[in-house]
Amino acid sequence: MKNPIITLKNQPKISASYSVVGHLEKEGPLGNLFDEYSDNDKFGKDTWEKAESEMQLRAVKGAIKRSGLNEYEIDLLLAGDLLNQCVSSSYAITNFDIPYLGIYGACSTCAEGLGLGACLCDSKIIDSCCAVTSSHYCSSERQFRFPLEYGGQRTPTAQWTATGSGAFVIGNEGKTKVTEVLFGKAIDKGITDINNMGAAMAPSAIDTIVRYFTNSEHSPDYFDKIITGDLGFEGSEILKDLLLGNGIDITKNHMDCGLMLFDKEKQDVHAGGSGCGCSAVVMAADIIPKLESGELKNVLFLGTGALMSPMTLFQGGSIPAICHLVHLSSE
Amino acid sequence: MLSIINLYLVKLFSKGCDILKKQEYIEYVEKRAKRSPILKNCFFAFTVGGTICIIGQLLIDLYTYLGINKEDSGTLTSITLIFTSCLLTGLGVFDNIARVAGAGTLVPITGFANAVSSQAIDTKSEGYVLGVGAKIFTIAGPVIVYAVLSGTLYGVIYYICTLIWG
């Protein structure tokens, strides 16, 4: 049987990463690591949607500049976000003279972009590309839940959409290698609660992890960190619990971007962060630099996404989820 | 040989995952999900909601004291509470109070005022017609629809009863 894990023989590198965040993320535990932030989350724009585009614009510009490449040397932009028709990406990308592929995988978009970009670079179809994703608490809240000033209470399992954008330049130069990619399957275990997305996404992460470790020569101990983005508190606990039942122990090295970005106790974000921007900024600001410095050697990054729309939920539909895996290693 | 073992493992594990039947998983998730702190929420709903009612009563007393008749005092009190809620919503304070108060701010007329004004603020960027005009009642709309509907139904029943029993 064919091994589902895509091994990248040419091992494309992550040449640069750049992160832009909102004020709440700046106040969080990783606050000092981000490259740019806005005090009022508006980034000098008059609507939240434009603010989100502005974040992507700044992230892409920053990442390209840091990579040392010129704009015309980037062969492809892979961009995605949470808004309808991925408008944040589309409007941001009009500022660049680079071919663009829009991608959507909800909160897994960061891993999807990294994985896809690395595969394309590995195959030598392109030399370098830039993967970018974003999410904005205010624009997402409007689309998926309630008006911003609406006075309601959240349940303890609800997650908080992160405001942020992370961009990555993938090419031939750099110290962080992308060695393996495993794309996820859409999994639906019947969860209908929009306030418990961790539970909706955990089965997809379990599926991808089980498929990875059954087909890989590595064991969970081989990795310094196994990072999910963003199962939050609830989803992470489910993941670890059910994986133990399957004989895979990741309790020692598991981390979740949603729990790293915010201080769960102090910041009133309930089960932790979520959104395309959450895993993107944590990877761009914390994990990639640590891989570059050699502090981390091998990292499994699992981007999890809940693939629903408010309309299907109102119609009684459940929440399908997906989890893409990217294996990063330090040279 | 290795691939056969691999295939077996894949089957074994995928079975392991498939054991996670939908219904069982839903039950597992529901069982472990932390519930909202009901006692705490009830306490704050009661105190904040009660305080709003006391303020309402004080307003009625104030307006009556100023020489306004009882019915008009009631109307003026509603208007004052609605105005205050909208103002607090616009200042970005209301949602912070409601996060703690819950049903305490939602159930009185304050919640309704907030549902309408917050939606108006949110949709302003799409313009006054297609934004504010079209979407202002997205949250409060169902309350209006079913309040009118049940009011009509009550009226019809009341009318029939008066015909029968005079």
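Note that the structure is predicted; figures quoted are calculated from it, not measured.

### Quick notes on the interface of chain B and chain A
No. 1: Opposite the 36 residues of chain B that make contact, chain A presents 28 residues.
No. 2: Where the side of chain B that touches chain A is concerned, the elements lending two or more residues are helix H1 (2-18), helix H2 (22-32), helix H5 (94-101), helix H6 (103-106) and helix H7 (109-123) of chain B.
No. 3: For the side of chain B that touches chain A, the element with the most residues is H1 of chain B, which contributes eight residues.
No. 4: Of the residues belonging to the side of chain B that touches chain A, the class tally is 17 nonpolar, 14 polar and five charged.

### Observations regarding the packing of helix H4 (residues 70-90) of chain B against H7 of chain B
All names here are of chain B.
No. 1: Two elements in contact, H4 and H7, have axes separated by 8 Å at closest approach and are oriented at 40 degrees. By the criterion of interaxial angle, the relationship of H4 to H7 is oblique. Both H4 and H7 take part in a crossing whose hand is right-handed. On H7, the residues that touch Ser78, Leu81, Ile82, Ser85, Cys86, Thr89 and Gly90 of H4 are Ile109, Thr110, Ala113, Asn114, Ser117, Ser118 and Ile121.
No. 2: Considering only residue class, the contact of H4 with H7 consists of six nonpolar, eight polar and no charged.

### Some points on the environment of Ala321 of chain A
Residues and elements named next belong to chain A.
No. 1: Assignment of secondary structure puts Ala321 in strand S14 (residues 321-330).
No. 2: Note on Ala321: 33 C-beta atoms within 10 Å, which makes it buried.
No. 3: Each C-alpha atom, one on Ala321 and one on Ala158, is 16 Å from the other, the two residues being 163 residues apart in sequence.
No. 4: With residues near it in sequence (within four places) discarded, Ala321 still touches Ile187, Ala200, Met201, Pro203, Ser204, Thr304, Gly305, Ala306 and Leu307.

### Considering the pairing of strand S6 (residues 129-135) of chain A
All names here are of chain A.
No. 1: The buried count for S6 comes to seven of seven residues, which makes it a mostly enclosed element.
No. 2: Summarising the sheet, strand S4 (residues 76-81) and S6 pair through six bridges and their orientation is parallel. Looking across to S6, one finds that Asp81 is bridged to Ser134.
No. 3: Judged from the seven bridges that link them, S6 and strand S8 (residues 164-171) form a sheet pairing that is antiparallel. Its bridge partner lying in S8, Cys130 is registered against Val169.

### Observations concerning the domain arrangement of chain A
Residues and elements named next belong to chain A.
No. 1: Along its sequence, chain A is organised into domain 1 (8-171) and domain 2 (176-330).
No. 2: Centre-to-centre, using C-alpha coordinates, domain 1 lies 17 Å away from domain 2.
No. 3: For the side of domain 1 that touches domain 2, the secondary structure elements donating two or more residues are strand S2 (13-21), helix H1 (23-26), S4, helix H4 (109-122), S6, helix H5 (137-144), strand S7 (160-161) and S8.
No. 4: Looking at the side of domain 1 that touches domain 2, the element that brings in the most residues is H4, giving eight residues.
No. 5: Residues of the side of domain 1 that touches domain 2, tallied by class, amount to 25 nonpolar, 21 polar and five charged.

### A word on H7 of chain B
No. 1: The terminal C-alpha atoms of H7 of chain B lie 22 Å apart, and with 15 residues this matches the ideal 21 Å at 1.5 Å per residue to within 8%.
No. 2: Within H7 of chain B, 12 of the 15 residues are buried, leaving the element largely enclosed by the surrounding structure.
No. 3: Of all the residues in H7 of chain B, the buried ones are Thr110, Gly111, Ala113, Asn114, Ala115, Val116, Ser117, Ser118, Gln119, Ala120, Asp122 and Thr123 of chain B.
No. 4: If you follow the buried residues of H7 of chain B, they end up packed against H5 of chain A together with helix H3 (38-65), H4, H5, H6 and helix H8 (128-135) of chain B.

### A word on H4 of chain B
All names here are of chain B.
No. 1: End to end, H4 covers 30 Å across 21 residues, agreeing with the expected 30 Å (1.5 Å per residue, within 8%).
No. 2: Listing the buried residues of H4 in full gives Thr77, Leu81, Ser85, Leu88 and Thr89. Taken end-on, H4 shows its buried residues confined to a sector of 110 degrees, consistent with a single buried face. Residues Asp72, Thr75, Ile79 and Phe83 are exposed on H4 and point more than 90 degrees away from its buried face.
No. 3: Buried residues along H4 sit in contact with H3, H5 and H7.
No. 4: After H4 finishes, the residue Gly92 shows a positive phi value of roughly 80 degrees.

The rules behind these values
- Residues numbered from 1 in each chain as written.
- Chains lettered and ligands numbered in written order.
- Predicted model: local features only at pLDDT ≥ 70, side-chain atom pairs only at ≥ 80, totals over all residues.
- Contact = placed C-beta atoms within 7 Å.
- Helix = DSSP H or I, 4+ residues; strand = E, 2+ residues; numbered from the N terminus.
- Nonpolar A, V, L, I, M, F, W, Y, C, P; charged D, E, K, R; others polar.
- Axes fitted to C-alpha atoms, helices over the stretch in contact; angles between N-to-C directions.
- Parallel < 35°, antiparallel > 145°, perpendicular 65-115°, else oblique.
- Left-handed = near helix turned anticlockwise from the far one by under 90°.
- Buried ≥ 20, exposed ≤ 12 C-beta atoms within 10 Å, placed from the backbone.
- Pairing = 2+ DSSP bridges.
- Domains from an automatic or database assignment.
- Expected span 1.5 Å × (residues − 1).
- Arc of directions from axis to C-beta.

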